[in-house]
Each structure stands twice: as C-alpha cells, then as structure tokens.
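Residues per chain, in single letters:
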Amino acid sequence: MLEARDVSLTYTAGGVRTYAVHHVDLRVSRGEFCGIMGPSGNGKSSLLYLLSGLRAPTGGTVLYEGRDYRALGARGLADLRRRHFGFVFQQHFLIGYLTALENVMLAGGPGSKREAMALLARLGLGECLHRFPHQLSGGQRQRVAVARALVSRPRVVFADEPTASLDRQSAQEVVSALEEYHRAGGTVILVTHDPGVLRGADRVLTMQGGRLSAG
Ligand code: ADP
C-alpha cells in the first residue's frame, strides 16, 4: 500500500552533509499498525514526513498504491493527503476559538457534523462537544485531534509522538483511540520514543542514526 524505496533525506550545514534518513526501505500493508521507535534525533519524524509526502526525499522513491509521489506533483500530493491521510502530531494544533465539535467538523467538511459527533462520543468526548480547547485537559485535546484526523475516514493515519506531551492515563486514551481505528481496518504509522505506546502494533521497527531496522 505504502512503500519507501531507498529513501534518504539529507541536510547540508556548513558544507557538511548529514543524513536524517539514510537509505531506508519500508513497505506498509493496508490495515497494518506499524510502529517506529527510537530516541529523539534519529530521523523518525523525518521518515514520517517522507512517507506522508509532507517532505520530498533527497534520494529514493515513495509510492502510495503504486503511485510515485514525485509524479503526483504538489497538487496531486496535497489531494492525496487530504483524501486519504490523517495526521496526529505531538501538539494538537486545534483552533482556539472553535469548539471541539467545530474543530473536527472543519476537517470533515460540509455535512460532517453527525460523523464528527459520533467520533467524539466514541472517543469519550460526548460531554465536551461545545467546549473550547482551553476548557479541555491535555488528553481530551489530543483525542479531539485524533477525531479530527479520523473524520474524513482516511486510509492511513500518521502519528508523530502523539502522546509525548501527555500523562500516562491520557496517553493511553489516545493510543486506544488509534488502536480502535486500526481494529476497524485503518492503517497506522506511529513514531514514538516510548515503547509502551506500541503494544498494539503489528510490527515495531527501530530507527537509529537515520537507519531503520527490525525490532
Ligand atoms: P526524531 O524524530 O527521531 O527526533 P528527526 O527526524 O526530527 O528525528 O531529526 C533527525 C535528524 O535530522 C536530527 O539530527 C536533526 O537535527 C536533523 N534535522 C531535522 N530537521 C532538520 C533541519 N531542518 N535542518 C537540519 N537538520 C535537521
């Protein structure tokens, strides 16, 4: 479904080239929950950006259902992300002057109210629909962010340290929400430095120095 072939991402600073991602190959199947683990600074976020088309690799190829991102062009890629991908980041990026429900509906588009309400209720936020982000706990805010990522019924959810700023309990709530999406057939690619977050993953890979390895 999603495939990276020999992808690299390099940065050049002061004439020195360093690899954030070093010749990585990865295939993620439809419906798979793939975890990518490793300490900070090892290229996990960079790889996630490449896989989701948020960044272009400096070498190699990324394909979604056989389609090369490079051939899609910027517009095609933006369209692919909008239609098929959902994102959860460490920070929730909710809009402060919109309620929880409005934040989710904004991502779902016209006619998404019912779906947004159902999703928020499933994530245990049925009582919080009309609260603003500052009236929610950290865990609740991040669950709204998960609902926002899921409301357009994406095929793949990319999660970049989604629990890093949360306490244990809130982190577990967010992970459960992603696990439920996975159980319903969704594909999850989650990067984290915390192995506890990946108990429900089908496969856990480790990233070190930009290189990806099993286990
Ligand atoms: P992780 O997600 O594992 O913390 P990152 O993908 O954020 O790792 O970073 C991998 C490496 O790439 C780090 O050494 C980081 O300093 C470097 N890096 C990331 N972004 C940039 C950038 N814009 N310019 C230069 N180096 C960068």
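Residues numbered from 1 in each chain as written. Predicted model: local features only at pLDDT ≥ 70, side-chain atom pairs only at ≥ 80, totals over all residues. Heavy atoms only, no water.

(A) Structural context of the site of the ligand. Near the ligand the following residues occur: Tyr11, Ala20, Pro39, Ser40, Gly41, Asn42, Gly43, Lys44, Ser45 and Ser46. Bound to the protein, the ligand loses 54% of the 560 Å² it would expose on its own. Classifying every residue of the shell around the ligand by side-chain character gives 3 nonpolar, 6 polar and 1 charged. (Near = heavy atom within 4 Å. Areas by Shrake-Rupley, 256 points an atom, 1.4 Å probe, with all protein chains shown as cover. Nonpolar A, V, L, I, M, F, W, Y, C, P; charged D, E, K, R; others polar.)

(B) Fine view of the sheet that holds strand S2 (residues 16-28). The antiparallel open sheet is built from 4 strands, whose spatial order is S2-S1-S4-S5. In this open sheet, the two edge strands, each paired with only one partner strand, are S2 and strand S5 (67-68). Across 2 bridges, strand S4 (residues 59-64) lies against S5 in antiparallel orientation. The partner of Leu63 across the bridge, within S5, is Asp68. (Pairing = 2+ DSSP bridges. Helix = DSSP H or I, 4+ residues; strand = E, 2+ residues; numbered from the N terminus.)

(C) Focus on the packing of helix H3 (residues 100-108) against helix H5 (residues 138-150). It is at 8 Å that the axes of H3 and H5 come closest, and there the two elements cross at 25 degrees. In this view, H3 runs roughly parallel relative to H5, as classed from their interaxial angle. The interaxial crossing formed by H3 with H5 has right-handed handedness. Every residue of H5 that contacts H3 at Ala100, Asn103, Val104 and Ala107 is listed here: Val144, Ala147 and Arg148. A per-class count over the contact of H3 with H5 returns 5 nonpolar, 1 polar and 1 charged. (Axes fitted to C-alpha atoms, helices over the stretch in contact; angles between N-to-C directions. Parallel < 35°, antiparallel > 145°, perpendicular 65-115°, else oblique. Left-handed = near helix turned anticlockwise from the far one by under 90°. Contact = heavy atoms within 4.5 Å.)

(D) A look at the pairing of strand S10 (residues 211-214). As paired elements, strand S9 (residues 203-208) and S10 share 4 bridges and run antiparallel to each other. Directly across from Gln208, in S10, lies its bridge partner Arg211. A loop of 2 residues connects S9 with S10, the two strands running antiparallel in sequence, and Gly209 in this loop sits at a positive phi of about 55 degrees.

(E) Just unusual backbone geometry, in detail. Non-glycine residue Phe93 carries a positive phi angle of around 55 degrees. By secondary structure assignment, the location of Phe93 is in the loop between strand S6 (85-88) and H3. A positive phi angle, close to 50 degrees, is found at Arg153, a residue other than glycine. Here Arg153 falls in the exposed class, since its relative accessible area comes to 61%. (Buried < 20%, exposed > 50% of the residue type's maximum accessible area, 1.4 Å probe, protein only.)

(F) Here's a closer look at the side chain of Glu32. Looking at the secondary structure, you find Glu32 in the loop between S2 and strand S3 (33-37). Side-chain polar atoms of Glu32 contact the backbone nitrogen of Ser29, separated by 3.0 Å. Polar contacts involving the side chain of Glu32 include one to the side chain of Arg203, which spans 2.7 Å. (Polar contact = N/O pair within 3.5 Å; in protein donor to acceptor, adjacent residues only side chain to side chain.)

(G) Empty space enclosed by the protein, seen in detail. Within this structure, the stated rule accounts for 1 cavity of 30 Å³ or more. Taken together, Arg168, Ala171, Gln172, Val175, Gly196, Val197 and Arg199 make up the lining of the largest cavity. Tallied by class, residues from the lining of the largest cavity come to 3 nonpolar, 2 polar and 2 charged. (1 Å grid on protein atoms, 1.4 Å probe; cavity = no way out; pocket = protein on both sides within 12 Å on 5 of 7 lines; lining within 4 Å. Points joined across faces, edges and corners; volume = space filled by probe spheres on them.)

(H) Structural context of H5. In this model, H5 (13 residues) spans 19 Å end to end at C-alpha, consistent with the 18 Å of a helix rising 1.5 Å per residue. By the criterion of burial, H5 is predominantly enclosed, with 11 of the 13 residues buried. Turning to H5, its buried residues number three or more, namely Gly139, Gln140, Gln142, Arg143, Val144, Ala145, Val146, Ala147, Arg148, Ala149 and Leu150. Buried residues along H5 sit against S6, H3, helix H4 (113-122), strand S7 (156-160) and helix H6 (168-183). (Expected span 1.5 Å × (residues − 1).)

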